[in-house]
Structures are given as C-alpha cells and as structure tokens.
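Structure assessment
One letter stands for each residue in the lines below.
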Amino acid sequence: MGANLQDELPSQDEVIELFLLWKKEHGRVYKDLEEMAKKFEIFVSNLKYITEFNEKRRSPSSCLFGLNKFADWSPKEFQETYLGDFDITPKEHSNVKQNNLYHADVPESLDWRKYGVVTGVKDQGPCGSCWAFSAAGGIEGIHALTTGSLISLSEQELLDCETASSGCSGGYKDKALAWVIRNGGISSEIDYPYQAKQGACKSSEVPNVASIDGYVNVDRSDNGLLDATKHQPISVSVNATGFQFYKSGIFDGPGCANSTSTNHAVIVVGYDSLNGEDYWIVKNSWGKDWGIDGYIWIKRNTGLPYGVCAINAKALYPTITSKHVQRQRWRGGGDNGGGGNGVDGGCIVVVAVAVAVMVKVVVVVVAWW
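A brief report on the enclosed structure follows.

**Brief notes about empty space enclosed by the protein**
Scanning the model with the defined rule gives 3 cavities of 30 Å³ or more in all. Approximately 90 Å³ is the volume attributed to the largest cavity. Residue assignment for the lining of the largest cavity shows that the elements contributing at least two residues are helix H4 (130-147) and strand S8 (264-274). Examining the composition of the lining of the largest cavity, we find that 4 residues originate from one element, H4, more than from any other. Taken together, the residues of the lining of the largest cavity break down into 4 nonpolar, 5 polar and 4 charged.

**So, the nonpolar core**
Membership of the largest hydrophobic core comes to 63 residues, with the highest contact counts inside it found for Ile 234, Val 236, Phe 243, Phe 251, Trp 286 and Ile 311. With 6 residues, the top contributor of residues to this core is S8. Not counting residues within four places of it along the chain, the set of residues in contact with Phe 251 comprises Cys 63, Phe 65, Gly 242, Phe 243, Tyr 246, Cys 256, Ile 296, Trp 297, Ile 298, Lys 299, Val 308 and Cys 309. Among the nonpolar cores identified, the runner-up in size contains 29 residues, and Phe 133, Ala 135, Ala 136 and Leu 159 belong to it.

**Examining helix H7 (residues 222-229)**
Burial analysis of H7 places 7 of its 8 residues in the buried class, the great majority of the element. Within H7, the full set of buried residues consists of Asp 222, Gly 224, Leu 225, Leu 226, Asp 227, Ala 228 and Thr 229.

**Description of the pairing of strand S9 (residues 277-283)**
For S9, a buried count of 6 out of 7 residues is recorded, marking the element as mostly surrounded by other parts of the structure. If you look at the hairpin formed by S8 and S9, you'll find 2 residues sitting between the two strands, and Asn 275 has a positive phi there, around 50 degrees. The pairing of S9 with strand S10 (residues 295-299) spans 5 bridges and is antiparallel. Looking at the pairing, Trp 280 lines up with Ile 298 of S10.

**As for unusual backbone geometry**
Despite not being glycine, Asp 293 shows a phi value in the positive range, around 55 degrees. Turning to its location among the elements, Asp 293 is positioned in the loop between S9 and S10. Positive phi values are uncommon outside glycine, yet Ala 310 reaches one of about 60 degrees. Its place among the elements puts Ala 310 in the loop between S10 and strand S11 (316-319).

**With respect to the state of the cysteines**
One pass over the full model with this rule turns up 3 disulfides. Between Cys 127 and Cys 168 runs a disulfide, and the two sulfur atoms are separated by 2.0 Å. On the sign convention where negative is left-handed, the bridge of Cys 127 and Cys 168, at about -90 degrees about the S-S bond, is left-handed. Of this pair, Cys 127 sits in the loop between strand S3 (110-111) and H4 while Cys 168 is found in the loop between helix H5 (155-161) and helix H6 (173-183), placing the two residues 41 residues apart along the sequence. Shown here is the disulfide that connects Cys 256 with Cys 309, its sulfur atoms set 1.9 Å apart. Of this pair, Cys 256 sits in the loop between strand S7 (250-251) and S8 while Cys 309 sits in the loop between S10 and S11; the two residues are 53 residues apart in sequence, bridging distant segments of the chain. We classify Cys 309 as buried; its relative accessible area is 0%. In the protein, the bonded cysteines, numbered by position in the sequence, are linked as 1-3, 2-4, 5-6.

**Remarks on the pattern of salt bridges**
Applying the stated rule across the entire model yields 12 salt bridges. Linking Asp 289 and Lys 69 is a salt bridge whose minimum nitrogen-to-oxygen distance equals 3.0 Å. You can see Asp 289 sitting in the loop between S9 and S10 and its partner Lys 69 sitting in the loop between strand S1 (64-65) and helix H3 (75-82), a full 220 residues away along the chain. Measuring nitrogen to oxygen at the nearest pair gives 2.7 Å for the salt bridge that ties Lys 122 to Glu 155. You can see Lys 122 sitting in the loop between S3 and H4 and its partner Glu 155 sitting in helix H5, a full 33 residues away along the chain. Exposure class is identical for Lys 122 and Glu 155. Each is buried. Salt bridges sharing partners connect three or more residues here, namely Lys 69, Asp 123 and Asp 289.

Definitions and cut-offs
Residues numbered from 1 in each chain as written. Predicted model: local features only at pLDDT ≥ 70, side-chain atom pairs only at ≥ 80, totals over all residues. Heavy atoms only, no water. 1 Å grid on protein atoms, 1.4 Å probe; cavity = no way out; pocket = protein on both sides within 12 Å on 5 of 7 lines; lining within 4 Å. Points joined across faces, edges and corners; volume = space filled by probe spheres on them. Helix = DSSP H or I, 4+ residues; strand = E, 2+ residues; numbered from the N terminus. Nonpolar A, V, L, I, M, F, W, Y, C, P; charged D, E, K, R; others polar. Core = buried A, V, L, I, M, F, W, Y, C linked by side-chain atoms within 4.5 Å. Buried < 20%, exposed > 50% of the residue type's maximum accessible area, 1.4 Å probe, protein only. Contact = heavy atoms within 4.5 Å. Pairing = 2+ DSSP bridges. Disulfide = S-S within 2.5 Å. Salt bridge = Lys/Arg side-chain N within 4 Å of Asp/Glu carboxyl O.

In structure tokens, the structure reads:
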C-alpha cells in the first residue's frame, strides 16, 4: 500500500479499515469468514512487525517494509512456497571455469537495464521456480550483449525439462545452464510460455532462440562479484528469509545478514551507491508489485565473508563464444521467435556489438535514477 508504515501501530478500527482497503487493492477473496478471520490475524501480526521494523530505521537510505501482496501470508507459508534450501554450490562441469581475477577498471556505478540487456520483471507465482528465472535471466543478458538481440526466454522449458531439479519444489541454476548446453539452446517465452506449474517437456516441439557454451563460477567475494557484474548480469543465490515485506531502500540483511546458506535465486543487474552506502541492484521474480518495481537493493562492501544474505556465495554466469554464436545463427536463420538468433552481418558484427557496449559502460558514468 502507498503509505509508509513508520508511525505507531494504528488503532483497532484503523487496522480493520486498513485490512479492508488492502484486501480490495490486492483483489483478495476468501472462501469463508473463518478463512478471512485467520488471514486478518496474520495481517495484524505482519502489520505490527512491519511497523516496529520501520521505526528502527538507522538512516534515510535504510530499507522500508510495507504491506505488499504477501501481507496476509504467514512467514511459514511464504517460506514454504517461495524459499527452500535447494540452491547448492554448483558442482564441477567440463564447461565450468572459476573466475578469481580482479580488475580495478570498473565504473563507479552500473545498471545493465540502461543498456537494453535485461528483460522486464517476471512473476514466478506460487511455484518454487526461482532457479529457472535466475538461469534464464543470465542467458538473456549474455545473449543480448553478444548478439544485440534481447529475447525473453522460457523458464517453463527449464521447469519442464531439467529433470535433475525438482520443478516447483526447487532446483539448481547450474543444472539449468548445463541442460541448456546439452539441449543446444533454449526457446523463447513466446514459444514456450510460463504456466507456474511443471508439465511434460516440449523442447523438441519449439525452436531454440539462444544458446550458451559454458558457465563460470564467481569468486566468493565482493570484488569477485563486482568484477563479474562489470561484464554482464550475474545469476546469484541469496538467503531471502527477510525479503517478504521489502518495499524500498538498501537492504542490509534483517534476518540473514551474516548468512552462510541460501534459499532463493535472483539476478544482479548492476550496482550503485546512495548517501555513501554501496548496494547491488537485484532483479527478483516476484512481479513488479513487490519491492522497487520488482527489484531490491542489497548492501555491498560489508566485509561479511559471503556478503549480505550470502549474495557472494554462489554466483555464476553463462558464457558464449563468438564462434558459438555464429554457428547458432546459421542453424536458426534469424527467424526463430522473439527476434531470432543474432544480428545480420556475421561474427565481426556480433563481436563489435559486445565491444561497443562494454566500452560505453567504462566511459559513461551511469546516473542514479
């Protein structure tokens, strides 16, 4: 809801009115009065927590919680639906490399959305498929950087076809990328739309529109993630236990600050600073009606072993070689749903697009929006 809950807890009558307004705004319809009474009780408990949390803000940059679409969900309901200890450290793979090189030539701020390599915020719905959204988002970014063509890719294909994962019960970013490599690519969201439930695999019935030839594990440090993000959007895992009511500001880890475990997968699309506090720009998959239009700012440069909410612990990114892209272009022909497989003009143009984008990133200081 629009108002910031920073004052004392409203009166009982005000809480009832607030609940009815929230219920109307979010289109909630309960099956009977008993369910509504139960949900109202949860709403009041969450409202108290949100109000008390906001009262303790340490600075104007600190995060605010709000009455979002999860306000009538208990923490247990929320965690069972959206979170789970399923995103483990990527295992070794023949196409996997380790990035542990640091470079000083990074811009002070960077937002890959400004360079046309990040698709709009998506909504995984009541399905634990964040791993598929994180993996697909990473491929979307490197494909756009390499070919100049931004295509929304199919999370549903990963959900249906990547059998080493458990569908809506959780999965693995690295296994999803490995499946794309074995399959020779991934289809578009248009050709294979999202259903928020696992179904039969239909990969043989749809064309591939993007492909990768490997992926790289990022060094577990702020510098490692910063150096990787300089080149492309990065698939990361986090402990999202405290994300349920996030509304705005820099999230410094309530409930997961010094975590060593993860339960959710997202995408780092850049970084910036506000009032002297550094943060990652993180794209989530809970819809645009959560957080900052679907995004969360997570504090960086904290000195914590794995960063706030373990954001540095399990980061990786897919790779594409120019030779691989050229081979895919001839296979797909450029008329393959959602924009085709590349840019006309051959491998030289493909490489030129990627180089031009990277040069632009280095020389332009991206303004904070």
